[in-house]
Amino acid sequence: MKRHLVLVGLPGSGKTTVGCRVAELLGAPFTDLDDSVTTAASRPVTAIFSQLGEPAFRALERAAMDVALAAPPQVIAPGAGWAAQPDNLETAERAGAAIVYLRVMIAEAIRRIAGDGGRPLLAGHDTEATLRGLFAERERYYLRAALTVDADGPVHAVAETVALRARERAGW
Ligand code: S3P
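Positions within a chain are numbered from 1, following the residues in the order the chain's sequence is written. The predicted origin of the model limits local features to residues at a pLDDT of at least 70 and limits the giving and counting of side-chain atom pairs to 80 or more, whereas totals for whole chains, interfaces and linings rest on all residues. Computation of side-chain values: all heavy atoms of the structure, hydrogens and water removed.

Engineer: Please set out the side chain of Ser13 residue by residue, giving values where relevant.
Structural biologist: A run of DSSP states H or I qualifies as a helix once it reaches four residues; a run of E qualifies as a strand once it reaches two. Both are numbered from the N-terminal end. Relative to the helices and strands, Ser13 is located in the loop between β1 (5-8) and α1 (15-26). The buried category is assigned to Ser13, whose relative accessible area is 0%. Contact criterion: two residues are considered in contact whenever any of their non-hydrogen atoms come within 4.5 Å of each other. Beyond its immediate stretch of four places on either side in the chain, Ser13 contacts Leu102, Val104, Arg112 and Ala151. Note on classification: 1.4 Å probe, protein chains only; a residue is buried when its accessible area is under 20% of the maximum for its type, exposed when over 50%, partly exposed between these limits.

Engineer: Could you give an account of the pattern of salt bridges, naming the residues involved and the relevant values?
Structural biologist: Whenever a carboxyl oxygen of Asp or Glu lies within 4 Å of a side-chain nitrogen of Lys or Arg, that contact is scored as a salt bridge. Counting across every chain of the model gives 10 salt bridges. Two residues, Asp150 and Arg103, come together in a salt bridge whose shortest N-O distance is 3.9 Å. Of this pair, Asp150 sits in strand β5 (residues 147-150) while Arg103 sits in strand β4 (residues 98-103), placing them 47 residues apart in sequence. The partly exposed category is assigned to Asp150, whose relative accessible area is 49%.

Engineer: Lay out helix α2 (residues 33-41) in plain terms, naming residues and giving numbers.
Structural biologist: The set of residues buried in α2 consists of Leu33, Val37 and Ala41. All buried residues of α2 project into a common sector of 60 degrees when viewed along the axis, lining one side. Contact partners of the buried residues in α2: β2 (30-32), α3 (45-52), α4 (54-70) and β3 (75-77). For α2, the side-chain oxygen to backbone nitrogen distance between the N-cap and Asp34 is 3.2 Å, and the N-cap itself is Asp32. Downstream of α2 by one or two residues, Ser42 has phi in the positive range, about 55 degrees. The directions from the helix axis to the C-beta atoms are what the arc is built from. Two N or O atoms form a polar contact when they lie within 3.5 Å of each other; inside protein one atom must be a possible hydrogen donor and the other a possible acceptor, and for residues adjacent in sequence the pair counts only when both atoms belong to side chains.

Engineer: I'd like to hear about the site of the ligand, residue by residue, with values.
Structural biologist: Here a residue is considered near a molecule or strand provided that any single heavy atom belonging to it is located within 4 Å of it. Residues in contact with the ligand amount to 14 residues; listed here are only the nearest, Asp34, Arg58, Ala80, Arg119 and Arg138. Measuring from an oxygen atom of the ligand, one finds a side-chain N or O atom of Lys15 at 2.8 Å. The Shrake-Rupley method, run with a 1.4 Å probe, gives the accessible areas here. Residue values count only the displayed protein chains as cover. Taking 390 Å² as the accessible area of the ligand by itself, protein coverage stands at 94%. Secondary structure elements with two or more residues in the shell around the ligand: α3 and α4. Here the residues of the shell around the ligand sort into seven nonpolar, two polar and five charged. For this classification, the nonpolar set comprises Ala, Val, Leu, Ile, Met, Phe, Trp, Tyr, Cys and Pro, the charged set comprises Asp, Glu, Lys and Arg, and every other residue, Gly included, is treated as polar.

Engineer: Lay out the nonpolar core with the relevant residues and their values.
Structural biologist: Within the largest apolar cluster, 34 residues are counted, with the highest numbers of intra-cluster contacts made by Val6, Val8, Trp82 and Leu131. Elements that contribute at least two residues to this core include exactly β1, α2, α3, α4, α5 (88-94), β4, α6 (106-113) and α7 (127-142). Residue contributions to this core peak at five residues, all from α4. Setting aside chain neighbours within four positions, we find Trp82 in contact with Val6, Val8, Leu33, Arg58, Glu61, Met65, Asn88, Leu89 and Ala92. Throughout, nonpolar core names a set of buried Ala, Val, Leu, Ile, Met, Phe, Trp, Tyr and Cys residues whose side chains join them through atoms within 4.5 Å. Of all hydrophobic cores here, the second largest spans 21 residues; its members include Leu26, Leu102, Val158 and Val162.

Following this line, the structure appears as structure tokens:
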């Protein structure tokens, strides 16, 4: 039986770009959770953080994940903080999802997100120090994933590896 694939990892690990390509390879639907949240709140992520606050963002994110998990099996890319919120990983696992950790080196993540101002937790801060801090806090959650894939390479190669593992381990 096909299971949802939920991609976790740092900002810049490729959750959205790789996830989109994995979905194409598997012929699966794709949901980017930040997109679902911005649609629900009718404003960009940065505005949700500044106007409503992070707890409101996390509640919207949880609600969007519940909707995605209730849909037929698909590839789901939540934001990097989703996995570290209480009970989120457990909820996805209870729904039968296979969690996939896209593991990226900090230097590669920085290269990828350079110049992208849409990340409120990184904006206006020393990107490397902030990413290192997020990694230190969150890696233990990412490591609970059933599958870990090295995500430093090009999108197409990482996506092919994820799709292969999904066929072997998640019913695709
Ligand atoms: C966040 C990461 C973002 C977005 C929000 C919060 C985080 O997604 O969900 O800004 O907590 O690290 P990306 O992983 O796409 O940057």
